[in-house]
Amino acid sequence: MNLAERSFITKLCQSCGKDPHRLMDIIIGVQGAYARVSGDAMNLIAAELGLPRVDVESAVSFYQFLSKEQKGHVRIRLCDDIIDRMYGFDRILKAFSEELGIGLNQTTPDGKFTFETTACIGMCDQAPAALMNNVVVTNLNSDSVHDLVESLRKNLNPEQLVKKTGNGNNSHPLVRAMVQNNIRRRGPVIFQDFTPGEALRKGLAMSPMEVIRSVKTARLRGRGGAGFPTGMKWEFTRAAAGDRKFIMCNADEGEPGTFKDRVILTEKPNLIFEGMTLAGYAIGAGEGILYLRGEYTYLLDFLNETLKERRASGLLGKSILGKDGFDFDIRIQLGAGAYICGEETALISSCEGLRGDPKNRPPFPAQKGYLGYPTVVNNVETFCCVSRIIEHGAGWFAEHGTKGSSGTKLLSVSGDCRMPGVYEVPFGISIHELLEMVGADDTYAVQIGGPSGQLIGRADFQRTICFDDLATGGAVMIFDEDRDVLEIVQAFMDFFVHESCGYCTPCRVGNVLLKKKLEEIRAGKGEPSDLEYLKSLGETIKATSRCGLGQTSPNPILTSMAHFPDAYLKLLHEDKQGYQPTFDLDEAVATAARIAGHGRVHHED
Amino acid sequence: MSKPKIATASLAGCFGCHMSLLDIDERILDLVELVDFDKSPINDLKKFTGKVQIGLIEGGCSTDENVQVLRDFRRHCEILISVGDCATQGGIPAMRNTVPLLECLEEAYCNGPTVYNPSGAIPNDPEVPLLLDKVYPCHEVVKIDYFLPGCPPSADTLFQAIVALLKNEPVDLPYELIKYD
């Protein structure tokens, strides 16, 4: 480590007040500047923050975007999810590999490029996509790969790849991304004009309890997918004892196929921040944190600018809108590529500068959250709803949607349809209606709620999107007849195995076993008894895992087995002789035969 | 009615499980009242005489010959039982599973401290069984109906389990017989 790096790190630590809870900001900063967090850097950070070195190394090793090894100047991360796989992932991977002359997870000898894949980056409506450092490149094809790499070779700055910026704020000077919003349908709640301060002014005229009562009367439920009543969560947090309280906004939109928060963050950041501020007022919190997934780093400057404007307008900071005693401010915490951090307790861990491991519950964040203080964690969309409820009234909000699920829901639609993008629809819409709206004519299967949700077939298309029927955090992936159901399921299991934090055994080991069995079945080595095995193993993982990841990761297998039994049955056969189909004798002796120089041996029983 | 038949084999094992079976002492007289021995090292019968009711397998699969014997047992036995830790888990022979096969063979035939092998060749006679890439427990090669763990399972365990199976009664093994730590 040279002197410049040493002084960079020291300054960075000082700018974070040498606060160990800001470890994420520091290691992300070092990674950004030096394309690695070296052992020496870890030692220095540990010394500056007064942490044991192992705590720093533990965090660095946890997050996919951070690394101890030197990465290239340009880190190309190709998005790997089922939608990208449907639209040419394999071809593009091969094209990059050939252009760069390296395989996956390798760095070119000149240190210019590192080539990797990454889980869904929230661009399924413009897939295939990739991250080049923090720059998003969309609509890739095997032809464009050559030009991209050529252009990067000349000048190692991915930002020059953005020739034409996307619509809306994607063209904002602080964003400058080629990303498109693809807002296909604007509903009454999220995608209408909003004047910053409008809701806050009305909210501050009410008492905090009245604000909570409004949210309850509106019957608002959490938009992240689980649907917990927001007002109740706030009430618990307000009632909990604590010198400090916190508001957290979960913008770690990691569920593959979900990208609606990305569009809200781009177009309606004030609606989010205003909702957070109202929440702070309602529960008596002074600080808010928006946890932004590392994949959306390109929005960071823009969001910070929005916060700055809000401070300048008196909508954040001391005595907000002249209300004495109401001080509230928001900072943005960047993530670094970990799906699990979308789980609220893991998100809190990450904000505290720790590995993104989930915490035991109880205590729930409402009692003991960030740094042990009572904390509200809500989804991006939930905070937007709060702003509108206070702006237009609880009654107005509750008129939309259904009785059990009031308001509208943003859906991120991708896959086999003519108009992928973001749709704001009232709760209670049926899958049939939705498919018609998005231009999907020949749909065979729909994945609702991303991999952790469920895969349904035609028999269920009359069902409706709401918390009482098909609950969803917003992902809707559409598949036509010619798609292989088990390939879809396989992609989801690959994802969960990769993203499991490894803390508890059912999730760490169980998902690998599920994935292995599925691979065997796809390879034609499955037997009818495997279905019972998958079912009982899947139920065990769901029942015994520590957090939401393992409690939902068997869903792709369990729901596809329930709704598409033929996809499995046609591949299964019983071995009449009682042999294990998974054991291949020729394969097992191949090495020994080669060593002995026998050539291939044929075994007849 | 003729007596049910039993067959036994030792694959990649040490014959300890068979020794344990002989350790039932005079109860072997009770056993032969209940069963006839078919293919087994105990009577040195090399080939199956026909279908048998119970097969006991000691040892896991380390070579292609082990696999062939095991599959032969699976085809002939109505009920196949993995006996002992090698059959159920791979056991001591499976310690080679962490070492690449070529390194195993080189250590055994070329580099080992007591090896005298001027030609430096690894045996390649077609008559010598080929090693598998790793040692497999029996249930990864064929379907296994029951498992009797232990290294070896004690004589009492074996005797009581076989008798219970033959009499179609539940096995009632006392705690001491199935406690291994």
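*Asks:* Give me the lowdown on the overall build of chain A, citing residues and values where you can.
*Replies:* A tally of regular secondary structure across chain A gives 24 helices and 15 strands. Taking 2.2 N^0.38 as the reference for a compact globule, 605 residues should give roughly 25 Å; the C-alpha atoms of chain A span a radius of gyration of 25 Å, in line with that estimate. Based on the C-alpha atoms only, the size of chain A along its principal axes is roughly 90 × 65 × 45 Å. Counting over 605 residues, chain A shows a buried share of 58%. Only carbon and sulfur atoms are counted for the fraction: they give 49% of the accessible area of chain A, which is about 23,100 Å². Within chain A, the 77 negative side-chain charges are centred at a point lying 6 Å from the centre of the 67 positive side-chain charges.

*Asks:* Before we move on, can you summarise the overall build of chain B with the specific residues and values?
*Replies:* Helices and strands together make up the secondary structure of chain B, namely six helices and seven strands. Helices (α) and strands (β) of chain B occur, in sequence order from the N terminus, as β-α-α-β-β-β-α-β-α-α-β-β-α. Counting only C-alpha atoms and orienting by the principal axes, one finds that chain B spans roughly 60 × 40 × 30 Å. Going through the 181 residues of chain B one by one, you find that 43% of them count as buried. Pairs at least 24 apart in sequence give 76% of the contacts found in chain B among residues at least 6 apart. Carbon and sulfur atoms make up 55% of the accessible area of chain B, which totals about 9,700 Å².

*Asks:* Provide a residue-level description of the interface of chain A and chain B, including the pertinent values.
*Replies:* Listed per partner, the contact involves 19 residues of chain A and 24 residues of chain B. A combined buried area of about 2,000 Å² lies between chain A and chain B, and 62% of that area is made up of carbon and sulfur atoms. Summed over the shared surface of chain A and chain B, the result is one salt bridge. In this structure, Glu527(A) and Lys143(B) form a salt bridge, with 2.2 Å as the shortest nitrogen-oxygen distance. Counting the contacts that link chain A with chain B gives six residue pairs in polar contact (both at pLDDT 80 or more).

*Asks:* Requested: an account of the sheet that holds strand β5 (residues 135-137) of chain A, with residues and values cited.
*Replies:* All names here are of chain A. An order of β2-β3-β1-β4-β5 is seen for the five strands of this open sheet, with the pairing classed as mixed. In this open sheet, the two edge strands, each paired with only one partner strand, are β2 (106-107) and β5. Where strand β4 (residues 130-132) meets β5, three bridges bridge the pair, whose relative direction is antiparallel. Residue Leu131 lies in a different strand from β5, and its bridge partner there is Val136. Along the sheet, helix α7 (residues 142-154) contacts β1 (74-79), β3 (113-118), β4 and β5; its crossing angle with β3, the most-contacted strand, is approximately 140°.

*Asks:* How would you explain the domain arrangement of chain A if you had to name every residue and give the values?
*Replies:* Residues and elements named next belong to chain A. Under the domain assignment used here, chain A contains domain 1 (3-62), domain 2 (78-163), domain 3 (195-398), domain 4 (408-483) and domain 5 (486-569). The C-alpha centroid of domain 3 is placed 28 Å from the C-alpha centroid of domain 1. Contacts between the two partners involve eleven residues from domain 1, matched on the other side by 17 residues from domain 3. A buried area of about 1,100 Å², summed over both sides, lies between domain 1 and domain 3, and 58% of it is on carbon and sulfur atoms. Considering only the side of domain 1, the residues that lose the most area to domain 3 are His21, Met24 and Phe62, jointly responsible for 59% of the buried surface there. Joining domain 1 to domain 3, the criterion identifies one salt bridge. Among the salt bridges present, the one from Arg331 reaches Asp25, with a minimum N-O distance of 3.9 Å. Seen at the junction of domain 1 and domain 3, the total is four residue pairs in polar contact (both at pLDDT 80 or more).

*Asks:* How would you sum up the environment of Ser536(A)? Please name residues and give values.
*Replies:* Position of Ser536(A) relative to the elements: it lies in helix α20 (residues 529-544). Residues Ser536(A) and His73(A) lie 463 residues apart in sequence; the distance between their C-alpha atoms is 47 Å.

*Asks:* I'd love a proper account of the packing of aromatic side chains, names of residues and values included.
*Replies:* Within a pair of aromatic rings, the relevant descriptors are the distance that separates the centres and the angle that separates the planes. Residues and elements named next belong to chain A. Enumeration over the complete set of coordinates arrives at 14 aromatic pairs over all chains. Ring centres of Tyr339 and Phe495 lie 4.7 Å apart, and the angle between their planes is 70°; this geometry places the pair in the edge-to-face category. Of this pair, Tyr339 sits in the loop between β9 (329-334) and α14 (344-351) while Phe495 sits in helix α18 (residues 485-499), and the two are 156 residues apart along the sequence. Take Tyr339 and Phe495: they sit in the same class, and that class is buried. Taken together through their ring pairs, the aromatic side chains of Phe246, Tyr370 and Tyr373 make up a single cluster. The positively charged end of Lys517 is found above the aromatic ring belonging to Tyr533, 5.3 Å away from the centroid.

*Asks:* Describe empty space enclosed by the protein, with residues and values.
*Replies:* Residues and elements named next belong to chain A. By the definition in use, this model includes three cavities of 30 Å³ or more. Reported here for the largest cavity is a volume of approximately 100 Å³. As for the largest cavity, its lining consists of 13 residues, of which Arg293, Glu295, Gly337, Ala338 and Tyr339 are closest to the centre. Each residue belonging to the lining of the largest cavity can be placed in one class, and the counts come to five nonpolar, four polar and four charged.

*Asks:* Tell me what's going on with helix α10 (residues 230-239) of chain A, and back it up with residues and numbers.
*Replies:* Residues and elements named next belong to chain A. Among all positions in α10, only Thr230, Gly231, Lys233, Trp234 and Thr237 are buried. The buried residues of α10 occupy an angular sector of 160° when the element is viewed end-on, so they sit on one face. On its buried face, α10 sits against α9 (208-217), α12 (269-283), α14, β10 (375-379) and α15 (380-392).

*Asks:* Any details on the layout of surface pockets? Residues and values, ideally.
*Replies:* Residues and elements named next belong to chain A. Here the largest pocket defines a volume of roughly 1,300 Å³. Breaking the lining of the largest pocket down by element, the ones donating at least two residues are α10, α11 (260-267), β10 and α21 (548-552). Here the residues of the lining of the largest pocket are counted per class, giving twelve nonpolar, 22 polar and ten charged. Reported here for the second largest pocket is a volume of approximately 1,200 Å³. Considering the residues around the second largest pocket, the lining is formed by 44 residues, among which Ile28, Gly32, Asn133, Asn134 and Thr297 are closest to the centre. Looking at the lining of the second largest pocket, the elements that each hand over two or more residues are α2 (23-34), β1, β5, α13 (300-312) and β9. Per element, the largest residue contribution to the lining of the second largest pocket is seven residues, and it comes from α2.

*Asks:* Account for the pattern of salt bridges, with residues named and values stated.
*Replies:* Residue and element names in this part refer to chain A. Scanning the entire structure with this criterion turns up 44 salt bridges over all chains. Among the salt bridges present, the one from Glu116 reaches Arg75, with a minimum N-O distance of 2.8 Å. Here Glu116, found in strand β3, pairs with Arg75, found in strand β1; they are 41 residues apart in sequence, far enough to count as distant. Pair check on accessibility: Glu116 and Arg75 agree, each one buried. Put simply, Asp494 and Arg85 hold a salt bridge, and the shortest N to O gap is 3.3 Å. Residue Asp494 is located in helix α18, and its partner Arg85 is located in helix α5 (residues 82-86); the two are separated by 409 residues in the primary sequence. Judged by relative accessible area, Arg85 falls into the partly exposed class, the value being 25%.

*Asks:* Which residues make up the side chain of Asn379(A), and what values go with them?
*Replies:* Residues and elements named next belong to chain A. Position of Asn379 relative to the elements: it lies in strand β10. Asn379 gets classed as buried once you look at its relative accessible area, which sits at 12%. Look past the residues within four positions of Asn379 in its chain and what remains in contact with it is Arg223, Gly224, Cys249, Asn250, Lys260 and Asp261.

*Asks:* Lay out the sheet that holds strand β14 (residues 454-457) of chain A with the relevant residues and their values.
*Replies:* Residues and elements named next belong to chain A. Across the sheet, six strands lie side by side as β6-β12-β11-β15-β13-β14; this open sheet has mixed pairing. Since the sheet does not close on itself, it has two edges, and those belong to β6 (183-185) and β14, each with one partner. Sheet twist, expressed as the mean angle between neighbouring strand axes with direction ignored, is 30°. Bridge count for strand β11 (residues 408-415) against strand β15 (residues 475-480) is four bridges, and the pairing is parallel. Looking across to β15, one finds that Ser414 is bridged to Met477. Its contacts with the sheet put helix α17 (residues 431-438) on β6, β11, β12 (421-426), β13 (443-448), β14 and β15, and the angle it makes with β13 is roughly 105°.

Basis of the calculations
Residues numbered from 1 in each chain as written. Chains lettered and ligands numbered in written order. Predicted model: local features only at pLDDT ≥ 70, side-chain atom pairs only at ≥ 80, totals over all residues. Heavy atoms only, no water. Helix = DSSP H or I, 4+ residues; strand = E, 2+ residues; numbered from the N terminus. Rg over C-alpha atoms; globule rule 2.2 N^0.38 Å. Buried < 20%, exposed > 50% of the residue type's maximum accessible area, 1.4 Å probe, protein only. Areas by Shrake-Rupley, 256 points an atom, 1.4 Å probe, with all protein chains shown as cover. Lys, Arg positive; Asp, Glu negative; His and termini not counted. Charge placed at Lys NZ, Arg CZ, Asp CG, Glu CD. Contact = heavy atoms within 4.5 Å. Buried area = accessible area lost by both parts, 1.4 Å probe. Salt bridge = Lys/Arg side-chain N within 4 Å of Asp/Glu carboxyl O. Polar contact = N/O pair within 3.5 Å; in protein donor to acceptor, adjacent residues only side chain to side chain. Pairing = 2+ DSSP bridges. Axes fitted to C-alpha atoms, helices over the stretch in contact; angles between N-to-C directions. Domains from an automatic or database assignment. Phe/Tyr/Trp six-rings, centres within 6.5 Å; stacked < 30°, edge-to-face > 60°. Lys NZ or Arg CZ within 6 Å of the ring centre and 35° of its normal. 1 Å grid on protein atoms, 1.4 Å probe; cavity = no way out; pocket = protein on both sides within 12 Å on 5 of 7 lines; lining within 4 Å. Points joined across faces, edges and corners; volume = space filled by probe spheres on them. Nonpolar A, V, L, I, M, F, W, Y, C, P; charged D, E, K, R; others polar. Arc of directions from axis to C-beta.

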